[in-house]
Each structure stands twice: as C-alpha cells, then as structure tokens.
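# Coordinate inspection notes
Each chain, written out:
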Amino acid sequence: MVVRVLDQDLARPGFKSSLSHKAHGVTLGQSLYLSQTLTHWPSCSLGPPTEPEGGDVAKGNVLETAKRKRSHVPLEIFHLRYLSVTDISAQVWCEQQMVYRRERPDLTTPENIVLLNTGKSIHLARELEDHDLVTVSTTSREDSWAIKVLNLLGMLLVLQEGHRVREFPVFGVLEDIFVVGVIDQLGYTPKGELELNELKTQNNASMPSAAQKKRDRFQVFLYKYLFDAMVQGCLAPEQPLGPHVQDQARKSGFTVSHFRDLLELLSLNLTHCEIPAIDRLQIEYIHQDSGTALGTEVVAYDQDEVGAAVRYFLAYWKGQRDSRGVDVEDAWKCRYCAYAGICEWRMGKAGSPAERWKKSK
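An account of the accompanying structure is given in this report. Not measured: the values here are computed from a predicted model.

Enumeration over the complete set of coordinates arrives at 12 aromatic pairs. Their ring planes at 75° and their centres at 6.5 Å tell us that W332 and Y336 sit as a pair that is edge-to-face. Under the relative-accessibility criterion, Y336 is labelled exposed at 63%. Within the aromatic cluster, the residues linked to one another by ring pairs are Y82, W145, F171 and F178. Note that K224 overlies the ring of Y301, its terminal NZ or CZ placed 5.1 Å from the centroid. Against the face of W93 rests K333, its NZ or CZ located 4.3 Å from the ring centre.

Shown next as structure tokens:
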C-alpha cells in the first residue's frame, strides 16, 4: 500500500497534496550542489518569448489600490512567487474571469464552492483506493516543500517498479516563471505506455462542452511538458528540516537533515531514473452526484502549439499585455459568470457594434 504524506498545516478536507511510497533505503552523498534558487534545475522553457500558468490576493484598501495602479506586473500585484497549472489553464476559459477570482473572491457563489468541494471529495475517495494517509507536522516553508520532494522521490520508485501512482507533483520553469501542478494519475497501459489520466467531474450527467474540453486538454498538455522535462524557486537549501519531517524521511528510507539534502537526492533520482516520457494523455469525465462514468477523451499533444499558447498566457503574468475576456463567439460564457456585472471587458464589448455581445447580455 502506498502512503500519502500530508503537510499537517495544510491537511484539510479536499486539499490536493502528493504522496509518498515506502522507498528503499538511500543515504545521501555530497556529489551535487544546488544554488539557493531553483533556476539551475532542468528548464522547462518552451522557446524564446515573443515580443510584446500562487500567492495571496492583494487587499482592497487604499494603499493596496494605489500600489496596484503603480504596478503593471500581475505576479507582483498578486504577490505570487509561482503559478499553478490550474492558474494558466483557467486563462483558456476566460482570462478576465481568472483575474476577477483573485481580485474579488467574495463574489464566488456558494454553489461553485459546493461543486468544488464535491469534486475534491471524489478525487480523495479515488486516491484512498490506493493510498494510506499520514500527516506530518511542519515548521517552515522548507518543511512543506520537503514533504512534496519526499513524496515525489517515493513515487519515482513506484513508477520504476511499473505500478500506478496518484497525485504526482510536477514543477518547472516556463518562460522564467516557476510553475507547479499535481497530476491525478500516472500508470502503464497493457502496451507498456506511460499514461496520464486526468479525472474531471461534471455537475450534469453529460460530456462537457467543446470549450470545457479545450481547457482540460491544455491542462494535461502542461502536465506532460513539466513531467517530461523533470524525468529527462526560491527556497533556502541550508534550512534544517523539522524533526517530524526528518522522522518521516527516515520512515520512507531516506536520511536527510537539511532541505538541500532532498534537493540533491531528487536531482540525482530524476537524472538517473529510467522512467519514460508520457506517451498517452487521457481525460476521464464522471458525474458528480452518481459517480457514473460519462466518457473519456484521448488527446493528441503538439509541443509547438502548447509552447505558443504558454508564451501568450504568461505574457499577461509578466505585465507584457493586458488581460482579455472571451471573444465574441464565446460570449455565452458570460451568462454563467459571477463577475459579469462588474466585468469591464464585457461592458466594453456590450457597448460596441458587436450585436452578438449585445444578445449575450
């Protein structure tokens, strides 16, 4: 049975974390040195950026408002040290909506919160089919990241043994921005292909719209790119790990005392592991209420197209362009958006000659 390790400070219902495995004993050597940032890790750059996917939401007081007006870089405005894959894939649906979710979380409808929690519960129930849960007390940011690294190290061993893993953490640098994500499931097909399976839950007992599928496909594309780059930030390597984290590391078969120890071990394991790149991408849809399988979609991956999309989306986060709402043909999305009443993009379009926007009001 695989053991999933949770940061106790983050161990709450529905929290997506990674897992750990009862790994073989490993003692760390001193063969690698990593700098104080993660910039020397294998880069996930998708090519040079063309000319002009976090943290806490900025508070809405006068000083914050003035600060926002002075800054034109969303990463600074929202105090983000990194982005998540879901941050970037949300831009596929509606970039302006994604921005409002950070600026005005108070407008999130209770119905959406219920749906989100239900989806998390379904993911957790499926994960419990394969994993035991263990909580570990953490005392620092390095401790929290150490839990992620320990989980990843264990899962590398599980994959090398040909078994399935769930909640696999991925990360890398895309266009000079650190990006993190969690893959729902990795396993091998009967043909020996490494398959990524992303679970999506539906409120309605039907397959999603083309627009939803487009967003979901882009999410798994990002997962694949990050994972493939890992198998081919800003933390303090010399930070001592908390006693509970060190104890959990010993139980997992690792001897570590500082965060740098885990970074070195992870780098060694990623460099020398025999895990292949992801061969097959599949999205699985199920009905939230009944758990009924609605269907699956196998998607084709085009790295050039993904690279162009990533450069475009991350240009917003770096302040190289303004946020955008949906195009005219996707104006129907506004009818289901909690931010339609305050959306400057929608108001601007509604006041233009575009009749389709007027009809969508």
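Next comes the rest of the write-up.
Let us look at the side chain of K200. With respect to the element layout, K200 can be found in strand β7 (residues 194–202). At a separation of 2.8 Å, a polar atom in the side chain of K200 contacts the side chain of Q219. The contacts of K200, once residues within four sequence positions are left out, are D216, Q219, I283, E284, Y285 and I286.

Using the criterion set out here, one finds 13 salt bridges in the structure. One salt bridge connects R250 with D247, and the closest N-O pair in it is separated by 3.8 Å. With R250 and D247 both in helix α7 (residues 243–251) and three residues apart, the pair spans about one turn of that helix. As a salt-bridge pair, D247 and K251 come within 3.4 Å of each other at their nearest N and O atoms. Taken together, the residues D247 and K251, both in helix α7 and four residues apart, mark about one turn of the helix. Given the relative accessible area of 60%, K251 is considered exposed. Beyond isolated ion pairs, a larger network of salt bridges with shared partners links D247, R250 and K251.

Within the secondary structure, R164 is located in the loop between α5 (141–160) and β5 (165–174). For R164, a relative accessible area of 38% puts it in the partly exposed group. Taking the C-alpha atoms as reference points, R164 and G187, 23 residues apart in sequence, are found 4.3 Å from one another.

Cut-offs and rules
Residues numbered from 1 in each chain as written. Predicted model: local features only at pLDDT ≥ 70, side-chain atom pairs only at ≥ 80, totals over all residues. Heavy atoms only, no water. Phe/Tyr/Trp six-rings, centres within 6.5 Å; stacked < 30°, edge-to-face > 60°. Buried < 20%, exposed > 50% of the residue type's maximum accessible area, 1.4 Å probe, protein only. Lys NZ or Arg CZ within 6 Å of the ring centre and 35° of its normal. Helix = DSSP H or I, 4+ residues; strand = E, 2+ residues; numbered from the N terminus. Polar contact = N/O pair within 3.5 Å; in protein donor to acceptor, adjacent residues only side chain to side chain. Contact = heavy atoms within 4.5 Å. Salt bridge = Lys/Arg side-chain N within 4 Å of Asp/Glu carboxyl O.

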